[in-house]
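Here is how the chains run, residue by residue.
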Amino acid sequence: MKTMARARTPVLSTEAITKVYRSGPVAVHALAGVSVSLFEAEVVVLLGASGSGKSTLLNILGGLDQPTSGRVMFRDQDLSAVEDAALTEFRRKHVGFVFQFYNLVPSLTARENVALVTEIAGNPMPPEEALDRVGLSGRMDHFPSELSGGEQQRVAIARAIAKRPDILLCDEPTGALDSKTGITVLEALIGVNRDLGTTTALITHNAEIRRIADRVIYMADGRITKVEENSAPIAPSEVSW
Amino acid sequence: MRALDRKVLRDLRGIWAQCLAIAMVLACGVMVMVLSTGTQRSLTETRDAFYERHRFADVFAGATRAPRGLLSEIAAIDGVAQVEARIVFTAMVDLEGMVEPASARVISLPALGGPALNLPLLRTGRLPDPLQPDEVALSEPFAQANGLRPGDRFRAVLNGRLRELVVTGHLLSPEYIYTLGPAAMMPDDRHFGLIWMREPAAAAATDLDGAFNDLTLSLSRGAHEAAVIAAVDRLLAPYGGTGAHGRDRQMSHVFIEGELSQLGAMARVLPPIFLVVSAFLVNMVLGRLIALERRQIGLLKAIGYPTRTIVIHYLKMTIGIGLAGTLIGWGMGWWLGHGMTALYTEYFRFPWLDYRPGAAPMIISGLAAMGAVVLGAMRAVSAAVRLAPAVAMAPPAPPVYRRGWADALGYRLGLRQTTMMIVRSLTRWPGRAAVTLFGVAGSVAVLVASFVTFDIIDLVMEDIFDRTNRQHATLILHQPVKEQAELAALSLPGVLHAEGVYAAPVRVRHGQASKLVSLMAQDPDADLTRLLDPEGHPIPLPDSGVALPESLAAYLGLMPGDQVEVELLAPPRRPWNVTVTRVFRQSMGQDILMRRDTFFALMNETPQINMLHLAVDTSSLPALQTRIKQTPAITGFTLWADVRASMEATMNESLITMTIIFSGLGMLITIGVVYNAARIQLAERAHELASLRVLGFRRAEVGYVLIAEQMLLTLVAVPVGWLLGYWFAILMTQGFSTDIISLPMVISRSTYAQAALTALATAFVSVLMVRRRLDRIDIVTALKQKE
Ligand SMILES: Nc1ncnc2c1ncn2[C@@H]1O[C@H](COP(=O)(O)OP(=O)(O)O)[C@@H](O)[C@H]1O
Ligand SMILES: [Mg+2]
């Protein structure tokens, strides 16, 4: 079924994008010509040294940022040519984000953090269902300050998937967590991908985690150096680090 | 140390707009102090100097005709320093090129030299020559308004004879700094003035040879004023004494005192609001800055900076705000003080009046401003002092939220999560919300109190001109005449209807309290002038007894049914006990009213009148005026349309200016409070708000979180401000009420609405200025900065 789904329809793709940060006379080429596609329902892991441009790429893919040159296509829509308001609509309808530092709203409970998104989405699942998916049905009425790091990250995942996004973008979701907690978070992500068919891109420092992906993209100095297909991804519980 | 100073400057640069907003609120407080106490001081000092140099009298009395021989007895009264007897009377003046008649109070000068008391100040020309009976000096404002220079001639009706008089000079008098004509409510220099005439001429004009009808006294140090007044009354009683009184009943003095007490009220009520709000704002902004810099503070402590240095470091910022506020306030106060003083010189005719606030208001306001900001800073800074270096270096614990009453409410109302964020933020930082609430409420209150003047003026004007005094003109007769003169008046050109009144000076007494007022004896079916009940509905004159205005009844402690002693201060000069049958709404003056037949039945005489109210066909007005000028029996003429016009002109000029200034002050509080609160919100929640943008919230939706919180607080503050404003308005009407005009307390719905809308609009604009910053925040950068 998965191979079928991966009948090579790109959901999101970039064509030779660059991103240059200028601060005074110095120009940092965060991305130096990246062409990449994310396909329907696949799990992609982005690997690379710190500063290699992974976050920059992910932010551009998710419509948080615009490339300096090149094109970003979401299905038939050219995202590199649209206004800020259209990018907001793109994020609102199609993208879920998970960051290293959960970015939960501290004044809202777990349930409310999820409801924050379901209230503005077109066809969301109930917040309770989203929280149930990440195994947090028991802590729905807790505030972020009352949850552990792993729990907070799972609330963030519930919040990202509750609107049934087309794409889930995760920037080092396990970066701040110990290995055991990290695994529960990864299990939540993979579970969502399997059940809902959400295209998932995941940045990590940890090379072991690449084994859960369908594809692994290696980055260095703002370029893609290698793409690896993984015919037999393993379950997160089998990863050890 | 130098590095720390550089940090102060950089910190200030980051939040300069917030600091400026606080400084402006502070400046308003300083400004009001410098303006009101400075103007008060200038006015008091000028007045006192003028009084002293020109020997303003202490006791004033009138009589019908008292022999000069009485003066030695009066001078012998214990406590009397100097005595000045004069002849004072009213005359109609016919001026070239002016259709309507003017009137003047004629005041006698001694046959030789100048008077001992109430010395007029010669501004131009000279005093009249004792040997030239036609020579007179004029009050400067009257002369200037009518273009009469020394050497010019004009005509006046003196004792029934038209005379041509020659102007010798212009004078100013301490007795007439504020000059009101008969039945006038505003100074009208064109139609009313003062004429000084040598005594022989004045005596000849009034048949008062060897007699006087006006007495002024100065008291020796330590004299007992009430005793002197009683003694003077006793001596003058056989000669038609109309009741001696002190400066507290002297028209010009009363008006100046009223103005001074208004300034005092302004100085007491307003500055505290601004100072308290500034103190809270400093506390809020500095508290936030210190919370943000706790790591830096820990670091400074760790590397050996003494706590004192750190405290001084933060106090320097505070003092910067205090200094800026003080300097701006001084500047604005100085500037407005000059403007206000200039405005006063139009009504108060001092020989000189400069705005000289002196050092005291400056020093006091500066100290108060500094005190307020330092006090506000203390709490915030003491938090920094208490921080242990190790604790300070650790990241701050995330804000802890707890479930509370707000949650149940939120679920019940089905609030959106963005709204829940607002509710939780309010309940999490109630102190901060309270500052905004208090500040905006204060602002609404100042706005209500400044807009309410229009309601009050509208009502006063309506009461005076539309409901009570519906006559077109009022004539004052040279002497009392039979009632039948009402009919004779109908033969004057254009007169449609005439109603006679007998006006007499009386002293009303109840227990220890007494007051000098006028008694108006009217037709029972008078229709031109009417009585109003306390709600403003016309009511008939009671069949018997006397009707008193509310303020007088309250002053004397009287209610309908009580007995009041009414002592007639004109012949036959005797007291009666009369029943109070009605208490009515006061509009102008404190006249008491009776039916004319009842009054003259008490006196056992045939009814008379000495005043006539007229309804006139306005097209015949010029003919009527010309005729009145040639009628010696008429010594006073008031055209109510003129009174109204001059009153409205004055109101428009001074009130609108004051309203603009006070509305500005009110709005500044809202700006200071809301802008700062929103800036702090934004700074603390930039990360949270940016993450909403990541989730796909539109700019407007994220802006809502920021705007709605401040607007919600503003909305809640509005009713609180209304209450506070109601209280301010009461204080204000009390401060402005005099015996001449008692201000009713009315606040219209539109005043409440305007105050609320102004505050809401101001709050909205203030928070929009902050929203612009929110829009400029770069999402990716904001997410990277993990607090
Ligand atoms: N806002 C920015 N301004 C300047 N340089 C930036 C900015 N964001 C990222 N960079 C630079 O771009 C490069 C790529 O950064 P990033 O995409 O965050 O790397 P990674 O996520 O792989 O660690 C780095 O050299 C980084 O310093
Ligand atoms: Mg990164």
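Criteria and thresholds
Residues numbered from 1 in each chain as written. Chains lettered and ligands numbered in written order. Predicted model: local features only at pLDDT ≥ 70, side-chain atom pairs only at ≥ 80, totals over all residues. Heavy atoms only, no water. Pairing = 2+ DSSP bridges. Helix = DSSP H or I, 4+ residues; strand = E, 2+ residues; numbered from the N terminus. Contact = heavy atoms within 4.5 Å. Axes fitted to C-alpha atoms, helices over the stretch in contact; angles between N-to-C directions. Core = buried A, V, L, I, M, F, W, Y, C linked by side-chain atoms within 4.5 Å. Buried < 20%, exposed > 50% of the residue type's maximum accessible area, 1.4 Å probe, protein only. Domains from an automatic or database assignment. Near = heavy atom within 4 Å. Polar contact = N/O pair within 3.5 Å; in protein donor to acceptor, adjacent residues only side chain to side chain. Areas by Shrake-Rupley, 256 points an atom, 1.4 Å probe, with all protein chains shown as cover. Nonpolar A, V, L, I, M, F, W, Y, C, P; charged D, E, K, R; others polar. Parallel < 35°, antiparallel > 145°, perpendicular 65-115°, else oblique. Buried area = accessible area lost by both parts, 1.4 Å probe. Salt bridge = Lys/Arg side-chain N within 4 Å of Asp/Glu carboxyl O. Phe/Tyr/Trp six-rings, centres within 6.5 Å; stacked < 30°, edge-to-face > 60°. Lys NZ or Arg CZ within 6 Å of the ring centre and 35° of its normal.

**So, the sheet that holds strand S1 (residues 10-23) of chain A**
Residue and element names in this part refer to chain A. Pairing is antiparallel across the open sheet formed by four strands, whose spatial order is S2-S1-S4-S5. Looking at which strands have only one partner, the edges of the open sheet turn out to be strand S2 (26-39) and strand S5 (77-78). The pairing of S1 with S2 spans eleven bridges and is classified as antiparallel. Note that in S2 the partner of Ser13 across the bridge is Ser37. Strands in contact with helix H2 (residues 54-61) are S1, S2 and strand S4 (69-74); relative to S1, the strand with the most contacts, it is inclined by about 125°.

**Let's talk about the nonpolar core**
Among the nonpolar cores identified, the biggest contains 141 residues, and B:Leu286, B:Met647 and B:Leu692 are the most heavily contacted of them. If you count residues domain by domain, this core takes at least three from each of domain 1 (55-254) and domain 2 (429-470 + 641-787) of chain B. Excluding anything up to four places from it in sequence, B:Leu692 contacts A:Val105, A:Leu116, B:Met421, B:Phe697, B:Val702 and B:Val705.

**Topic: the site of ligand 1**
Close contacts around ligand 1 come from A:Tyr21, A:Val28, A:Ala30, A:Ala49, A:Ser50, A:Gly51, A:Ser52, A:Gly53, A:Lys54, A:Ser55, A:Thr56 and B:Lys784, and that covers them all. The residues that come close to ligand 1 belong to more than one chain, namely chains A and B. For ligand 1, an oxygen atom lies 3.0 Å from a polar atom in the backbone of A:Gly53. In the model, an oxygen atom of ligand 1 is placed 3.0 Å from a nitrogen or oxygen of the A:Lys54 main chain. Protein burial of ligand 1: of its 560 Å² of free accessible surface, 67% is covered by the chains. Sorting elements by how many residues they give to the shell around ligand 1 places H2(A) first, with three residues. Residues that form the shell around ligand 1 fall into these classes: four nonpolar, six polar and two charged.

**As for the packing of helix H4 (residues 110-118) of chain A against helix H13 (residues 417-428) of chain B**
H13(B) packs onto H4(A) with a crossing angle of 135° between their chain directions and a minimal axis gap of 9 Å. If you check the angle between H4(A) and H13(B), you find them oblique. Contacts from A:Glu112, A:Ala115 and A:Leu116 in H4(A) reach B:Gln417, B:Thr418, B:Met420, B:Met421 and B:Arg424 in H13(B). Grouping the constituent residues of the contact of H4(A) with H13(B) by class yields four nonpolar, two polar and two charged.

**Section: the interface of chain A and chain B**
Listed as interface residues are 30 residues of chain A and, on the opposing side, 31 residues of chain B. When chain A packs against chain B, the two sides together hide about 2800 Å² of surface, and 55% of this comes from carbon and sulfur. The interface formed by chain A and chain B holds five salt bridges in total. Residues A:Asp84 and B:Arg699 are paired through a salt bridge, measuring 3.0 Å at the closest nitrogen-oxygen approach. There are 13 residue pairs in polar contact (both at pLDDT 80 or more) connecting chain A and chain B. Elements that contribute at least two residues to the side of chain A that touches chain B include exactly helix H3 (84-94) and H4 of chain A. Considering every element that reaches the side of chain A that touches chain B, the biggest residue donor is H3(A), with five residues. Residues that form the side of chain A that touches chain B fall into these classes: twelve nonpolar, seven polar and eleven charged.

**Digging into the domain arrangement of chain B**
By a widely used convention, the size of an interface equals the accessible area lost when the partners come together. Residue and element names in this part refer to chain B. As assigned here, chain B comprises domain 1 (55-254), domain 2 (429-470 + 641-787) and domain 3 (495-616). Centre-to-centre, using C-alpha coordinates, domain 1 lies 28 Å away from domain 3. The partner domain 3 presents eight residues to the eleven residues of domain 1 that form the contact. Of the roughly 780 Å² buried at the junction of domain 1 and domain 3 (both faces included), carbon and sulfur atoms supply 56%. For the pair domain 1 and domain 3, the interface holds one salt bridge.

**Digging into the packing of aromatic side chains**
Applying the stated criterion across every chain yields a total of 18 aromatic pairs over all chains. One residue, A:Lys226, lies across the ring of A:Tyr218, its end atom 4.5 Å from the ring centre. Sitting over the face of the ring of B:Trp429, B:Arg432 holds its NZ or CZ atom 5.1 Å from the ring centroid.

**Points about the sheet that holds strand S2 (residues 80-86) of chain B**
Residues and elements named next belong to chain B. One open sheet holds the four strands; their spatial order is S2-S10-S1-S11, and the pairing between them is antiparallel. Each end of this open sheet is capped by a strand with a single partner; those strands are S2 and strand S11 (245-246). Where S2 lies against strand S10 (residues 211-219), six bridges are found, and the strand directions are antiparallel. Within S10, the position partnered with Val83 by the bridge is Leu217.

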